[in-house]
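# Inside the fold
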Amino acid sequence: MAPISLILSFFLFISPALSTNSEGNALHALRSRFKDPTNVLQSWDPTLVNPCTWFHVTCDSNNHVIRLDLGNSNISGTLGPELGQLQHLQYLELYMNDISGKIPKELGNLKSLVSMDMYQNKLEGEIPKSFANLKSLKFLRLNNNKLTGSIPRELTTLSDLKVFDVSNNGLCGTIPVDGPFRSFPMESFENNKLNGPELQGLVPYDFGC
Amino acid sequence: MIIEPRLIFHYAMMSPNLKNNLVIFSLIFFILFCASNFPPVVSFYYMEEAHALLKWKTSLQNHNNGSLLSSWTLNNVTKTSPCAWVGIHCNRGGRVNSINLTSIGLKGMLHDFSFSSFPHMAYLDLWRNQLYGNIPPQIGNISRLKYLDLSYNSFSGTIPPQIGHLSYLKTLHLFENKLNGSIPYEVGRLCSLNYLALYSNYLEDLIPPSLGNLSNLATFYLYDNSLSGSIPGEIGNLRSLSDLELSNNKLSGSIPPSLGNLSNLATLYLYENSLSGSIPCEIGNLRSLSNLALNNNKLSGSIPPSLGNLSNLATLYLYNNSLSGSIPGEIGNLSSLSNLALNNNKLSGSIPPSLDNLSNLATLYLYNNSLSGSIPSEFGNLRSLSKLSLGYNKLSGSIPPSLGNLSNLATLYLYENSLSGSILGEIGNLRSLSDLELSNNKLSGSIPPSLGNLSNLATLYLHENSLFGSIPCEIGNLRSLSDLELSNNKLSGSIPPSLGNLSNLATLYLYDNSLSGSIPSEIGNLRSLSNLALYNNKLSGSIPPSLGNLSNLAALYLYENSLSGSIPSEFGNLRSLSTLTLGYNKLSGIIPHSLGNLTKLATLYIHNNLLSGSIPSEIGNLRSLFNLELNNNTLRGSIPLSFRNLTSLIRLRLDRNYLSSNISESFYIYPNLTFIDLSHNNFYGEISSDWGRCPKLGTLDFSVNNITGNIPPEIGHSSQLGVLDLSSNHIVGEIPTELGKFNFLIKLILAQNQLSGQLSPKLGSLAQLEHLDLSSNRLNNSIPKSFGNLVKLHYLNLSNNQFCRGIPIKLEELIHLSELDLSYNFLREAIPSQICILQSLENLNLSHNSLSGLIPSCFEKMRGLLRIDISYNELQGPIPNSTTFRDAPIEAL
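Note that the structure is predicted; figures quoted are calculated from it, not measured. Numbers given for residues are sequential positions, taken from 1 along each chain in its written order. Starting at A for chains and at 1 for ligands, labels are handed out in the order in which the entities are written. Only residues with pLDDT of at least 70 are given local features in this predicted model, and only at 80 or more are side-chain atom pairs given and counted; all residues enter the totals for whole chains, interfaces and linings. Heavy atoms throughout the structure, all of them, feed into the side-chain values; hydrogens and water do not.

On to the overall build of chain B, then. Every helix listed is a DSSP run of H or I at least four residues long, and every strand listed is a run of E at least two residues long, numbered separately from the N terminus. Helix and strand counts for chain B come out as five helices and 52 strands. Based on C-alpha atoms, the radius of gyration is set beside the globule rule, defined as 2.2 Å times the residue count to the power 0.38. For 893 residues, the compact-globule estimate of 2.2 N^0.38 gives 29 Å, and chain B exceeds it by more than 25% at 43 Å. Seen through its principal axes, chain B has C-alpha atoms that stretch 155 × 65 × 60 Å. Any two residues having at least one pair of non-hydrogen atoms within 4.5 Å are treated as being in contact. At a minimum sequence separation of 6, the contacts of chain B that also span at least 24 residues come to 48%. Total accessible area on chain B is roughly 33,900 Å²; 49% of this is exposed by carbon and sulfur atoms. Think of it this way: Lys and Arg go in the positive column, Asp and Glu in the negative one, and His and the chain ends go nowhere. Just so you know, the charge point we use is NZ for Lys, CZ for Arg, CG for Asp and CD for Glu. Charge-centre separation for chain B: the mean point of 52 positive side chains lies 9 Å from the mean point of 56 negative side chains. Per-residue and other accessible areas were derived by the Shrake-Rupley procedure at a 1.4 Å probe size, with only the shown protein chains allowed to occlude residues.

Dropping the structure here:
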């Protein structure tokens, strides 16, 4: 009787990603997480030396990515830790898509970030405490998602934060009142399970969350 | 009876002599004697069988082939018995009892085979011929058949249920045919059957549970069919079974625990099905089992520890399933095991040290699981091991030095783990090693020179680690090496010239390191080399002309180094080359004309160097060229006319040179072009309407040149255009309404031209527009209200034009705008307070207009505003109280 050859398949011949550009690799990894039915990411060719000629990507004169503009682009899928490698990113515009899953804590590595717009998606989980590292952040819009947990108190240290909107989520606990939170309008917090502004010195910050 | 005619003849001859009783008696005696013994008298038996065989012979397609069945003939009286014919055997009574016609090239069908003519046939073997058509149901008439083999033919149709009449059948071989339909349940009536082989057909539907009645069955082969449904539990009744192979079907459901009753089973192959559920622990009862293959199914759950009881097991294949849990330590009891493959599962936990008892183990595949912990140092005891793959796991710790004892090891795969520490010199003891893959780990330290002892090594993968130090020159001793990948480490020092000895090397990847010095000219000796990637290092000096000897080279990556000197003209000899990337170096001199010989070249990247001279017209010979980047050099002169031949081009970058050509003459229609950048040159002439005939064009950048004339309206036909930059030229006329057709336009930059007239409201339909710069032109009249529809805009610059009337209120819709510059226009009326809704705005310049009225106090609420300039207007009233205004220089107000 014919003996059976059991072929153990290997996947060893992985061709090198011929891009030394870690930012291009990071964006390409991000692309692999996305479903892109309208092909807005079609021009993202990973074989190019850098991603600076890709659509919706803007670089500075040193070929560092400073803008990612994918707002309202019919994108679904999740975000990944690789986004944290875009060390020079200033504008992360992912608003009005179908992005789900958690916000990667690695976004806290984006030290140059000025604006993070991820409103109107299906993001869940907590707002990462690591956002407290985004010292240049001015605009943070996370409204209309499914975020839970409390507003990290650490965000009160973001002295440049000018616009903050977390309305229409499932956040709980109290609203910080320190630092930039002194001046955010109440509309930025509505439609959550928040317990109102923190009463300093009287109630623990995470009370009821 | 068929013998009558001849008997009647004899009686008729005798009837006149009836008086002589003695004679009659003698004659009758004689006749009876002859009937039982004398062949001439029994010829009516074998004439029938001979005629049946001859009839079938003539039905064969190739019966005229003289050599085929040449003994099958009646034309000589002495040969009228078929018993002497080739392939025919008779019993002592002269009756055909065996037909054995294997591998003689019979071509035809069985329709003319008279099965009923052979009531004594016990053996029919037509193995390996070219017989086709259905198996006739009359086959059920050979009621004494014990052995039936029709395998290795092209029989089609279904297995006739009448086969169930063959109650003496011990062997039924129908494998390697084209039989379809289901297995008749009547096969279950063949209670004498020992050997059943129906494999490699197109049989479908369920395995009939009636097969569980075949209590004498020893081998059961149904593999390579399309059988579906679950494995009948009745198979567990086949106590005589020693070999059960149902692999490569579409069987689903779980493995019946009753299989554990098959106490004589030596081989159980259920691989390549869709079996689910867990492996029944009863399999551990099969004490005679020596081969167990359940791979390529959907089995889940954990590996039953009872498998450790299978003391005769030589092969255990459970790979490509969804098995989870840890590897039971009991596997270490399988002292006869020589092949263990548990790869491609979801196994976790650590590798049990007990595996070191498997002294006969030759193959150990645990790759692609989630195994953690360290590699047991006891593995060094597995002296028979020749293949060890633990890749794609979460193994940590260092590589145990004891692995250096595995003198039979041919492949060692530890790639894609988290192994740390250094590569120990003991690896150099593995003299049988042909494949060493330690890539994608956290290995540090230097590459041990002892690796140079591995004289059989064909593949060495150490890439994506943290190895430092220099590449040992001993690597040059590995004469069998065909693939060397050390990329993505921290290797420094120079490339050892000894690598030039690796005459079998096909792939050499040293990229993403810190290698310095020059490229050794000895690399040019690697005549087998097809891929050479040295990019992203610190290599300096000039490129050795000897690289031109690499006649098999398909890809050469030298970009991102500090290479200087000129591009060797010898590169023109690299006739196999399809990719040449030399960008980001310090190469100078001219582009060699000889590059025009590289007819297979698809990608040529020489950007960001110091190349001078003009572009050789020979580049136009590269008809296969997809990608050409010559940007950021100091190239002068005009574009060769031959560029019109480069019709395969997908990507063309000539930007940032000193090229000067009439842009309308130098190019033609490129049906596949997606990207063209000619910016920052001295191109002149007008933009051709032909660009509208490049249907895939995504980016067109002609900025900073001396282009004149109008924007051709036909450009609007490039429906995929995402970026259009014509800024800093001398373009005149109006912006064509047709630009409003660009459904995918992301960036539109027409700044610093002499465009005039008023803006078409249709530009407001560019719904994807993120960046719009029309500054420094002569555009006039009002800013279209439709611009309020450009909701993705983050940059809008209309400054230095002649826009008049008011700021359209609809601009309030541009909620993502971070920069708005309307300065240096003739805008009048009040600043609409709606502008304060632009919450993302960081820079606002409304200066040098004729705006009047009060400064909107709502500016105070524009919390993100970083800079504001409202100077040189006719505004009045209090300055809003916000930090932006407080911080603004007085000239801005």
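The discussion continues.
All right, on to the sheet that holds strand E47 (residues 802-803) of chain B then. Overall, parallel pairing links the four strands, which are arranged E41-E43-E45-E47 (chain B) in an open sheet. The outermost strands of the open sheet, each flanked by one partner alone, are strand E41 (732-733) and E47 of chain B. Strands qualify as paired when DSSP identifies two bridges or more between them.

Before going further, it helps to examine the nonpolar core. Buried residues of nine kinds, namely Ala, Val, Leu, Ile, Met, Phe, Trp, Tyr and Cys, make up a nonpolar core once their side-chain atoms join them within 4.5 Å. Any residue under 20% of the maximum accessible area for its type is buried, any over 50% is exposed, and the rest in between are partly exposed; the area is computed with a 1.4 Å probe on protein chains only. Among the nonpolar cores identified, the biggest contains 241 residues, and Phe220, Phe643 and Trp691 of chain B are the most heavily contacted of them. Contributing elements (two or more residues each) for this core: helix H3 (39-59) and strand E2 (96-100) of chain B. When residues in this core are grouped by element, the largest group, five residues, is from H3 of chain B. Setting aside residues no more than four positions away along its own chain, Phe220 of chain B makes contact with Leu196, Ile207, Leu211, Ile235, Leu238, Leu241, Asp243, Leu244, Glu245 and Leu246 of chain B. In this structure, Cys52, Leu107, Leu110 and Ile151 of chain A belong to the second largest nonpolar core, which totals 50 residues.

With that settled, consider unusual backbone geometry. Residue and element names in this part refer to chain A. In this model, His56 sits at a positive phi of 70°, which is unusual for a non-glycine residue. Mapped onto the fold, His56 is located in the loop between strand E1 (34-35) and strand E2 (57-59). Judged by its relative accessible area of 7%, His56 is buried.

Contact residues are listed per partner, giving 44 residues for chain A and 57 residues for chain B. Using a 1.4 Å probe, buried area is obtained as the accessible area two parts lose upon being combined, added over both of them. Here chain A meets chain B over a buried area of about 4,000 Å², counting both sides, of which 57% is carbon and sulfur. Each reported salt bridge corresponds to a side-chain nitrogen of Lys or Arg within 4 Å of a carboxyl oxygen of Asp or Glu. For the pair chain A and chain B, the interface holds one salt bridge. In this structure, the salt-bridge partner of Lys138 of chain A is Glu842 of chain B, at a minimum N-O distance of 3.4 Å.

All right, on to the state of the cysteines then. Residues and elements named next belong to chain B. The definition used for a disulfide is geometric: two cysteine sulfur atoms within 2.5 Å. This model, assessed by the stated rule, comprises three disulfides over all chains. With a sulfur-sulfur separation of 1.9 Å, Cys83 is cross-linked through a disulfide to Cys90. Measuring the twist about the S-S bond at about -100°, one finds the Cys83-Cys90 disulfide to be left-handed. Residue classification places Cys83 among the partly exposed positions, given a relative accessible area of 25%. We classify Cys90 as partly exposed; its relative accessible area is 21%. The disulfide partner of Cys836 is Cys858, and the S-S distance across this bridge is 1.8 Å. Its S-S torsion of about 60° marks the bond between Cys836 and Cys858 as right-handed, since a negative value means left-handed. Here Cys836, found in the loop between strand E48 (819-821) and strand E49 (843-845), pairs with Cys858, found in the loop between strand E50 (852-854) and strand E51 (867-869); they are 22 residues apart in sequence, far enough to count as distant.

What follows concerns helix H1 (residues 22-33) of chain A. Residue and element names in this part refer to chain A. A helix's residues, less one, multiplied by 1.5 Å, set its expected span. Across its twelve residues, H1 extends 17 Å between first and last C-alpha, which sits within 8% of the 16 Å expected from 1.5 Å per residue. The set of residues buried in H1 consists of Glu23, Gly24, Ala26, Leu27 and Leu30. For H1, the buried positions fall inside an angular range of 160° around the axis, keeping them on one side. Against the buried residues of H1 lie E1, E2, strand E3 (65-69) and strand E4 (76-78). Each direction from the helix axis to a C-beta atom contributes to the arc, which is the arc of those directions.

This brings us to the pattern of salt bridges. Evaluated as defined, the whole model comprises twelve salt bridges over all chains. Across the pair Arg141 of chain A and Asp117 of chain A runs a salt bridge whose closest N-O atoms are separated by 2.6 Å. Linking Arg141 of chain A in strand E9 (residues 139-141) with Asp117 of chain A in strand E7 (residues 115-117), this pair joins segments that are 24 residues apart in sequence. Residue classification places Arg141 of chain A among the buried positions, given a relative accessible area of 9%. With a shortest N-O distance of 3.0 Å, Arg653 of chain B and Asp655 of chain B are connected by a salt bridge. The buried category is assigned to Asp655 of chain B, whose relative accessible area is 0%. Connected via shared salt-bridge partners are Arg653, Asp655 and Arg656 of chain B.

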